[in-house]
Amino acid sequence: MKSMLFMLPTIPATYEERERLRPIGRNNERTQRMLDQVREIAVFADQAGFDALALTEHHFHSEGLEMSVAPMIFLADLAARTHRIKLATLVMPLTGWDPIRLAEEIALLDHLTQGRFIPGIGRGYQDRWLNVLGQKYGVAGATSDGSDSDRQNREVFEELYAVMKMAWTEDSIRFEGKYYQVPADSGAGRPRWPVAKTWTARYGAPGEVDAAGDIQRICVVPKPYSEPYPQLWQAFSGGQETIAWCARENIVCWSLAEPNTFLALCQGYRDAARQHGRTLRLGENIGTFRMVYIADTYAAAFALGAAALGDAFVRYFSGFGFFEGFRRPGEVGEVPISFQRMVDAKFAIVGTVDQVIRQIAELCEESNPDWFGWYLDQGLMDQSEILRQLEAFATKVLPTFA
C-alpha cells in the first residue's frame with residue numbers, strides 16, 4: 001500500500017485569531033507562514049519516504065481554511081524543493097476550468113516534474129466559487145442527488161474531460177459539444193491568422209488550416225511527458241455513476257467513507273472495471289482518506305484530534321454533508337456530528353503506534369486499497385506537533401505497510 005499526505009492548505013491561526021484578523025485569507029504574514037509550513041512538510045515527507053503529497057483547489061476562502069487557489073503553481077514550487085515524492089492535486093474541479101488551458105498546464109507540470117505530477121480532477125461541490133468560475137457553463141456545484149443541477153454538472157464535467165483527453169492524445173483536435181467548441185465560433189467571421197498559409201500550413205500540425213487559410217483544427221502543446229498522459233485521481237462521494245465512469249477511464253478513486261461503505265465502493269469499482277474489460281483485484285485503483293493521531297496513550301491521541309482538524313471538520317465540513325460518509329449500514333435519521341463519530345467510523349484513526357498500525361491493518365484486510373491518504377492538520381495544529389506525528393508515522397507505522 002502506498003502512502004499520501006493531503007493538505008488543504010490552511011492559514012495557521014486559532015479561531016480567535018481568525019475572527020480578530022478577518023479576513024485572515026488576505027493576511028500576508030499568515031499566508032507566508034502557511035507557505036513555509038507546507039514547504040517544510042513537503043521536504044520532510046520526501047525524505048521520510050511518503051509516496052505522494054496532495055493539495056486541493058478552492059477559491060474565495062476568506063476564512064483561511066482552504067487556501068489553495070493555484071495548486072499547480074504551489075506544486076511546482078514544492079517540486080523544486082523535493083526529489084522523489086509524487087505531487088498531486090485532489091482535486092481540481094474541471095467545471096471551473098477551460099479544459100484546454102487545464103490540459104496545457106497539466107502537461108507542462110508533467111514535464112517540469114518529469115512524471116512526478118498526478119492531476120486529480122473532480123466535479124466541484126462549493127457553489128460560492130464554482131458559480132463564479134464556472135459561469136460560462138451555467139454550472140453549479142455537484143450535489144450527487146440526481147437533481148437537474150447535478151446532472152448538468154456531470155454533463156459539463158464529462159464533456160470538458162473529453163476535450164482535455166483529446167488535447168493530450170491527438171496532434172490536432174476539432175470538437176463540437178453542447179458547452180464547448182474547438183475551434184470556437186468567434187461570431188465575427190474568419191478568425192484572424194494571417195500566417196496560416198506562409199507558416200502554419202508548412203510547419204504546424206497537418207489539418208490545422210485548409211487551402212483557403214481558414215483554421216479547421218488546433219494543436220495543443222506540449223503533449224504530456226507521461227504516455228499517453230499522467231495517471232488521474234478523483235475524489236468521489238460514493239455514487240455508482242461516478243464509480244462506473246472512473247473505472248471506465250482507469251482513474252484512481254479516493255473516498256473517506258466508513259469501512260463497510262468503503263468496501264462496497266471497492267467492490268463496485270472492481271465490478272465496473274470488469275464490464276470494461278479490465279480485471280482488477282479488490283481495492284486496486286482505490287485510495288482511502290483517513291486522519292491519524294499518534295500519542296503515548298489513546299486518550300492523548302483522541303484529544304489531539306478533537307482539538308485540531310476534528311474540531312474544524314465538525315464546524316465546517318459537516319455543513320457540506322460530509323458526515324453522510326460516516327453513516328453506518330442501516331442507520332436512519334441524522335448522523336451524529338462529532339469527533340467521536342469520526343473515530344467510530346474509523347475516519348479518524350487514533351491511539352498509540354500499535355493501535356494505529358492495527359487499525360490500518362484492519363482496513364487493508366477488509367478492502368486492500370492501493371493508497372492510504374493521511375488528511376493532515378496543517379494550520380490547525382502546532383507545526384512541531386505535526387512534524388512529531390509525521391516522524392512517528394514514517395519510522396514506526398509506514399515500514400509495516402510499505
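Residues numbered from 1 in each chain as written. Predicted model: local features only at pLDDT ≥ 70, side-chain atom pairs only at ≥ 80, totals over all residues. Heavy atoms only, no water.

Caption draft 1: Expanded view of the packing of helix H8 (residues 240–249) against helix H9 (residues 259–275). Look at H8 against H9: their axes get within 8 Å of each other, and the N-to-C directions meet at 50°. One finds that H8 runs oblique with respect to H9. When the axes of H8 and H9 are compared, the crossing they make is right-handed. Counting all contacts with H8, which are made through Gln240, Ile243, Ala244, Cys246 and Ala247, the residues of H9 involved are Leu265, Gly268, Tyr269, Ala272 and Ala273. Class assignment for the residues of the contact of H8 with H9 results in eight nonpolar, two polar and no charged. (Axes fitted to C-alpha atoms, helices over the stretch in contact; angles between N-to-C directions. Helix = DSSP H or I, 4+ residues; strand = E, 2+ residues; numbered from the N terminus. Parallel < 35°, antiparallel > 145°, perpendicular 65-115°, else oblique. Left-handed = near helix turned anticlockwise from the far one by under 90°. Contact = heavy atoms within 4.5 Å. Nonpolar A, V, L, I, M, F, W, Y, C, P; charged D, E, K, R; others polar.)

Caption draft 2: Inspection of the side chain of Gln389 at higher detail. Relative to the helices and strands, Gln389 is located in helix H14 (residues 383–401). Gln389 gets classed as buried once you look at its relative accessible area, which sits at 1%. Polar contacts involving the side chain of Gln389 include one to the main-chain carbonyl oxygen of Ile294, which spans 2.7 Å. Residues within four places of Gln389 in sequence aside, it is in contact with Val292, Tyr293, Ile294, Leu304 and Trp374. (Buried < 20%, exposed > 50% of the residue type's maximum accessible area, 1.4 Å probe, protein only. Polar contact = N/O pair within 3.5 Å; in protein donor to acceptor, adjacent residues only side chain to side chain.)

Caption draft 3: Structural view of the packing of aromatic side chains. Tallied over the entire structure, the rule returns 30 aromatic pairs. The cationic tip of Arg315 hangs over the ring face of Tyr15; the distance from NZ or CZ to the ring centre is 3.7 Å. (Phe/Tyr/Trp six-rings, centres within 6.5 Å; stacked < 30°, edge-to-face > 60°. Lys NZ or Arg CZ within 6 Å of the ring centre and 35° of its normal.)

Caption draft 4: Spatial organisation of unusual backbone geometry. Residue Pro183 is bonded to the preceding Val182 through a cis peptide linkage, with omega at -10°. Its location among the elements puts Pro183 in the loop between strand E8 (181–182) and helix H7 (196–203). With an omega of -5°, the peptide bond running from Val221 to Pro222 counts as cis. Positive phi is not limited to glycine here, since Asn250 has a value of about 60°.

Caption draft 5: Just the packing of helix H6 (residues 148–169) against H8, in detail. It is at 13 Å that the axes of H6 and H8 come closest, and there the two elements cross at 5°. Between H6 and H8, the angle falls in the class roughly parallel. Across the interface between the two elements, Arg154, Phe157, Glu158, Tyr161 and Lys165 of H6 pack against Glu241, Thr242, Trp245 and Glu249 of H8.

Caption draft 6: Region of the structure containing the environment of Leu90. By the secondary structure assignment, Leu90 is in the loop between strand E3 (86–89) and strand E4 (92–93). On a C-alpha basis, the gap between Leu90 and Pro71 in space is 9.3 Å, while along the polypeptide they are 19 residues apart. Not counting chain neighbours up to four residues away, the residues in contact with Leu90 comprise Met4, Phe6, Ala54, Leu55, Thr56, Trp233, Gln234, Ala235, Trp254 and Phe289.

Caption draft 7: A look at the pattern of salt bridges. Under the definition given, this model contains 27 salt bridges. In this structure, the salt-bridge partner of Glu324 is Arg327, at a minimum N-O distance of 2.7 Å. Three or more residues are tied together by salt bridges with common partners; here these are Glu17, Glu29, Arg30 and Arg33. (Salt bridge = Lys/Arg side-chain N within 4 Å of Asp/Glu carboxyl O.)

Caption draft 8: How the structure looks around the side chain of Glu159. Within the secondary structure layout, Glu159 lies in helix H6. In this structure, Glu159 is buried with no salt-bridge partner, the nearest side chain bearing the opposite charge being Lys178 at 7.6 Å. Among the polar contacts made by the side chain of Glu159, one reaches the main-chain amide nitrogen of Tyr179 at a distance of 2.7 Å. Among residues more than four places away in sequence, those in contact with Glu159 are Phe175, Gly177, Lys178, Tyr179 and Tyr180. (Lys, Arg positive; Asp, Glu negative; His and termini not counted.)

Caption draft 9: Here's a closer look at the state of the cysteines. Tallied over the entire structure, the rule returns zero disulfides. This cysteine, Cys253, is not joined by any disulfide, and Cys246 carries the nearest cysteine sulfur, 3.4 Å off. Note on Cys253: relative accessible area 0%, which makes it buried. (Disulfide = S-S within 2.5 Å.)

Distances and angles like these do not, on their own, reveal function.
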